[in-house]
Amino acid sequence: MPLYLGVMSGTSLDGLDIALVEQSDHTTLLASHYIPMPEGLRADLLALCASGPNEIAQSACAENDWVRLAAQGIKELLTNQQLSPAQIRAIGSHGQTVRHEPQRGFTVQIDNPALLAELTGIDVVADFRRRDVAAGGQGAPLVPAFHAALFGDQRQRAVLNIGGFSNVSLLAPGQPVRGFDCGPGNVLLDSWIHDQRGDAYDRDGTWAASGKVNDELLRRFLRDDFFAARGPKSTGRERFNLLWLKAKLAEGPALPAEDVQATLLELSASSIAESLLHAQPDCEEVLVCGGGAFNPELMARLAAHLPRARVGSTADYGVPPEWMEAMAFAWLAHRFLERLPGNCPEVTGASGPRILGALYPA
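Quantities reported herein were computed from a predicted structural model and do not represent experimental measurements.

Undergrad: Looking at this structure, I do not really get the pairing of strand β12 (residues 310-313). What am I missing?
TA: Both faces of the sheet carry side chains from a regular strand, because those side chains alternate between them. Bridge count for strand β11 (residues 285-289) against β12 is four bridges, and the pairing is parallel. Across the sheet, Leu 287 pairs through a bridge with Gly 312, a residue of β12. In this fold, β11 hands off to helix α12 (residues 296-305), which returns the chain to β12; that crossover is right-handed.

Undergrad: I tried to follow the UniProt feature "binding site: ATP" (unreviewed entry) in the protein on my own but got confused; where do I start?
TA: Here the UniProt feature "binding site: ATP" (unreviewed entry) sits at Gly 10, Thr 11, Ser 12, Leu 13, Asp 14, Gly 15, Leu 16 and Asp 17. Position of Gly 10 among the secondary structure elements: in the loop between β1 (3-8) and β2 (15-23). With relative accessibility at 0%, the residue Leu 16 sits in the buried group. With near-sequence residues (within four places) excluded, Leu 16 lies in contact with Val 7, Met 8, Ser 9, His 33, Tyr 34, Ile 35, Met 37, Trp 66, Leu 69 and Ala 70.

Undergrad: Quick question: what am I supposed to make of the packing of helix α5 (residues 144-151) against helix α13 (residues 324-337) here?
TA: How two helices sit against one another is set out by the angle between their axes and by the gap between those axes. Remark: α5 packs on α13, axes separated minimally by 10 Å, with the N-to-C direction vectors making an angle of 95 degrees. Considered as vectors, α5 and α13 are oriented roughly perpendicular to each other. Contact with α5, carried on its side by Ala 145, Phe 146, His 147, Ala 149, Leu 150 and Phe 151, involves Met 324, Met 327, Ala 328 and Trp 331 of α13 and no other residues of that element. Looking at the contact of α5 with α13 residue by residue, the classes come out as nine nonpolar, one polar and no charged.

Undergrad: Explain the side chain of Ser 268 here, please?
TA: By the secondary structure assignment, Ser 268 is in helix α11 (residues 257-279). Ignoring sequence-local partners within four residues, the contact set of Ser 268 consists of Pro 184, Gly 185, Leu 189 and Leu 298.

Undergrad: For this particular structure, what's the right way to read the environment of Gly 179?
TA: Tracing the sequence through the fold places Gly 179 in strand β10 (residues 178-184). Under the relative-accessibility criterion, Gly 179 is labelled buried at 3%. Expressed as a C-alpha distance, the spacing of Gly 179 and Gly 252, which sit 73 residues apart in the sequence, is 34 Å. If sequence neighbours within four positions are ignored, Gly 179 has contacts with Val 168, Ser 169 and Val 347.

Undergrad: What am I meant to see in the domain arrangement of the protein here?
TA: Frequently, the measure chosen for interface size is the accessible area that the parts lose on association. Here the protein is partitioned into domain 1 (3-140 + 322-360) and domain 2 (143-317). Here domain 1 and domain 2 have C-alpha centroids that lie 23 Å from each other. In this assembly, 24 residues from domain 1 lie in contact with 26 residues from domain 2. The contact between domain 1 and domain 2 buries some 2,100 Å² in all, and 66% of this surface belongs to carbon and sulfur atoms. Among the residues of domain 1 in contact with domain 2, Thr 11, Met 324 and Val 347 are the three that bury the most area, contributing 30% of the side total. Counting across the interface, domain 1 meets domain 2 through zero salt bridges. Remark: the boundary between domain 1 and domain 2 carries five residue pairs in polar contact (both at pLDDT 80 or more). Considering each element in turn, the side of domain 1 that touches domain 2 owes the most residues, five residues, to α13. For the side of domain 1 that touches domain 2, the class distribution of residues is eleven nonpolar, eight polar and five charged.

Undergrad: I keep staring at the packing of aromatic side chains and nothing clicks. Help me out?
TA: By convention here, two paired aromatic rings are described through the distance between centres and the angle between planes. Here the structure, examined in full by the defined rule, presents eight aromatic pairs. Seen from their ring centres, Phe 128 and Phe 329 are 5.5 Å apart, and the 55 degrees between their planes marks the pair as tilted. Of this pair, Phe 128 sits in the loop between β7 (124-126) and α4 (130-134) while Phe 329 sits in helix α13, and the two are 201 residues apart along the sequence. Accessibility assignment for this pair places Phe 128 and Phe 329 in one class, buried. Taking the centre distance of 5.8 Å and the plane angle of 85 degrees together, the rings of Phe 226 and Phe 240 count as edge-to-face. Within this pair, whereas Phe 226 is found in helix α9 (residues 225-228), its partner Phe 240 is found in the loop between α9 and α10 (242-249), the two being separated by 14 residues in sequence.

Cut-offs used in this document
All chains use their own residue numbering, which begins from 1 and follows the written sequence. Two thresholds apply to this predicted model, a pLDDT of at least 70 for residue-level local features and 80 or more for giving and counting side-chain atom pairs, whereas whole-chain, interface and lining totals are computed over all residues. The basis for the side-chain values is all heavy atoms of the structure; hydrogens and waters are excluded. Any two strands between which DSSP finds at least two bridges are classified as paired. Strands are runs of DSSP state E lasting at least two residues, helices are runs of H or I lasting at least four, and both sets are numbered from the N terminus onward. The definition of a right-handed crossover adopted here requires that, viewed with the strands pointing away, the path from the first strand over the helix to the second runs clockwise. UniProt positions are given in the numbering used here, feature names are shortened, and annotations may be inferred rather than shown by experiment. Between buried and exposed lies partly exposed: a residue is buried under 20% and exposed over 50% of the maximum accessible area for its type, with that area taken using a 1.4 Å probe on protein chains only. Whether two residues are in contact is decided by their heavy atoms, any of which lying within 4.5 Å being enough. Geometry is summarised by axes, namely lines fitted to C-alpha atoms with helices restricted to the contacting stretch, and by angles between N-to-C directions that run from 0 to 180 degrees. An angle counts as roughly parallel when it lies under 35 degrees, as roughly antiparallel when it exceeds 145, as roughly perpendicular when it falls between 65 and 115, and as oblique in every other case. In this classification, the charged set is Asp, Glu, Lys and Arg, the nonpolar set is Ala, Val, Leu, Ile, Met, Phe, Trp, Tyr, Cys and Pro, and all remaining amino acids, among them Gly, are polar. Here the limits of each domain have been adopted from an automatic or database domain assignment. Two parts placed together each lose some accessible area; with a 1.4 Å probe, that loss summed over both constitutes the buried area. For this document, the term salt bridge refers to a Lys or Arg side-chain nitrogen within 4 Å of an Asp or Glu carboxyl oxygen. Any N or O atom pair separated by 3.5 Å or less is treated as a polar contact, with the protein-specific requirement of one donor-capable and one acceptor-capable atom, and with residues adjacent in sequence counted only for side-chain atom pairs. Classification of ring pairs uses Phe, Tyr and Trp, with its six-membered ring standing for Trp, and accepts pairs whose centres are within 6.5 Å; under 30 degrees between planes counts as stacked, over 60 as edge-to-face, and the remaining range as tilted.

So this is what it looks like as structure tokens:
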């Protein structure tokens with residue numbers, strides 16, 4: 001059976017996820033590898049999320065550094081699995097999103113697939129989002145088609161990815177898959193705890209649990225126009241970031257830092273639940289993947305907001321939540337090579353199904 005690699009680094013910028021999958025009628029995760037993001041590269045990528053000096057050169061250098069890190073991780077995984085590059089049909093490389101503005105007709109992922117093919121000796125399929133944007137779509141989220149392939153439509157089910165941002169795939173019997181970005185997942189939680197305490201993230205949501213939700217601040221957050229919009233919609237760091245958060249905080253009295261964290265967690269949970277219930281009020285089951293699946297405080301708040309649905313992890317169905325997106329881009333590489341569409345127009349708003357990606361032969 002064909003073997004593929006999927007490479008993904010999300011908005012948390014903590015590191016690169018690499019998944020080795022076997023692709024037949026089903027997608028099977030065979031092995032995985034994580035490689036931490038060097039602090040210098042993380043800082044460079046974060047800087048590229050906003051306008052700055054010498055952006056073209058900075059971007060070119062950052063993408064080469066990102067690719068060298070990806071190539072290192074791929075070689076380590078292949079060595080661990082006693083595989084050669086010739087045994088891998090293709091790498092699906094998402095790259096690192098630094099700008100996402102589909103309303104202006106563009107999305108930018110840091111990547112140099114030509115260099116990745118050169119360093120690994122494996123064909124690379126990359127640049128998955130821009131074809132959907134060219135067809136009038138949001139270019140995101142792209143994983144709902146993969147969620148549908150994995151979990152089918154046997155019941156009213158949602159697959160919820162909570163990374164830096166949250167997105168949901170809605171599956172229902174006899175209906176096309178639907179989905180959209182819900183808003184911030186972990187991005188503001190991570191930014192606030194790093195700003196206040198120097199920590200990369202709030203392990204198990206314990207700092208958020210130590211604070212109290214401030215209802216007035218929560219209302220201020222939810223007044224952002226994004227939350228009133230209905231899908232198709234997508235978002236990113238260009239909208240929700242530490243500057244956005246501090247501007248909202250400046251509109252009211254100072255609060256204990258832990259109360260801000262508690263309110264940010266409630267923002268993530270409540271915005272996800274509201275948008276999900278509006279789109280799929282009879283949802284029976286919510287399967288969570290991404291880093292948010294490991295935050296018991298966030299999972300508990302989601303369950304409280306969704307009392308009629310079972311809230312669990314994709315691990316309950318044999319799919320490790322931390323490897324879902326890397327698996328998805330391996331699957332998208334397979335779809336490209338088989339000349340099959342990779343997008344869901346009902347999700348992204350594109351004018352029709354499109355084959356996503358571009359090939360960089362080894």
